[in-house]
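These are the residues of each chain, in order.
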Amino acid sequence: PVQTYDHTYDQVVSMGEILSTKIVNHYLKKVGINNLWIDVRDFIRTDNNYREAIVDWTATETLFAANIEQYFMHHSICITQGFIGGTLEGISTTLGREGSDFSAAIFAHAMDAESVSIWKDVEGLLNADPKKFSHTVKLEKIPYREAIELAYYGASVIHPKTLKPLQNKKIPLFVKSFIQPEEEGS
């Protein structure tokens, strides 16, 4: 491929994801937590639109169906990356804004997950941005469509592209606070 800035960006940034998950994988093993490292680029298939790759849902679902079960057969914990995918040619790509949350939604969709939990620095899904408004209200439970509208009109906690694959399979999304993990969230 032609080496553009976007192409080079994706190659460099994806190495950060690979290295950080390798570190976590080895650390967990060192402290006695059995886990398996998985290269997400072998599962999330994308086009060559660097820095904003588009998921090939058919290829991705086929890769998951053919391979993911064997990983969980002997490991209850698998460590993988967010934010990245891979092309048919084996070239790393990134998924754009909120790509890590989107990766979780892709996994959930492809594996028919029971639910997805996303950990944020807020108490849950709020009716407005707490950095801009002083009197926000946590929304306990809202339909996908309303969450997508909130995200579309500026609520920055969840990106609409994260919600859509979950909505398509009616997979619940829980937004929890890593600052207050004991709290219910949304």
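In the block above lies the structure referred to throughout.
Nothing here was measured: the structure is a model prediction, and the numbers come from that model.

K.L.:
Help me get a handle on the pattern of salt bridges, residues and values and all.
P.N.:
Enumeration over the complete set of coordinates arrives at eight salt bridges. Among the ionic pairs, Lys-120 bridges to Asp-101, the shortest N-O distance being 2.6 Å. In this pair, Lys-120 sits in strand β5 (residues 116-120) while Asp-101 sits in helix α3 (residues 99-111), placing the two residues 19 residues apart along the sequence. Asp-101 sits in the buried class, given a relative accessible area of 12%. Notably, a salt bridge pairs Glu-140 with Lys-138, separated by 3.6 Å at the nearest N-O pair.

K.L.:
Outline helix α2 (residues 57-73), supporting the account with residue identities and numerical values.
P.N.:
If you check α2, its first and last C-alpha atoms are 24 Å apart, about what 17 residues at 1.5 Å a residue would give, namely 24 Å. Taken as a whole, α2 carries its principal kink of about 40° at Asn-67. Among the residues of α2, those classed as buried are Thr-60, Phe-64 and Ile-68. The elements touched by buried residues of α2 are α3.

Procedures and definitions
- Residues numbered from 1 in each chain as written.
- Predicted model: local features only at pLDDT ≥ 70, side-chain atom pairs only at ≥ 80, totals over all residues.
- Heavy atoms only, no water.
- Salt bridge = Lys/Arg side-chain N within 4 Å of Asp/Glu carboxyl O.
- Helix = DSSP H or I, 4+ residues; strand = E, 2+ residues; numbered from the N terminus.
- Buried < 20%, exposed > 50% of the residue type's maximum accessible area, 1.4 Å probe, protein only.
- Expected span 1.5 Å × (residues − 1).
- Bend = angle between axes of the 7 residues up to and from the residue.
- Contact = heavy atoms within 4.5 Å.

By themselves, these observations are geometric and do not establish any function.
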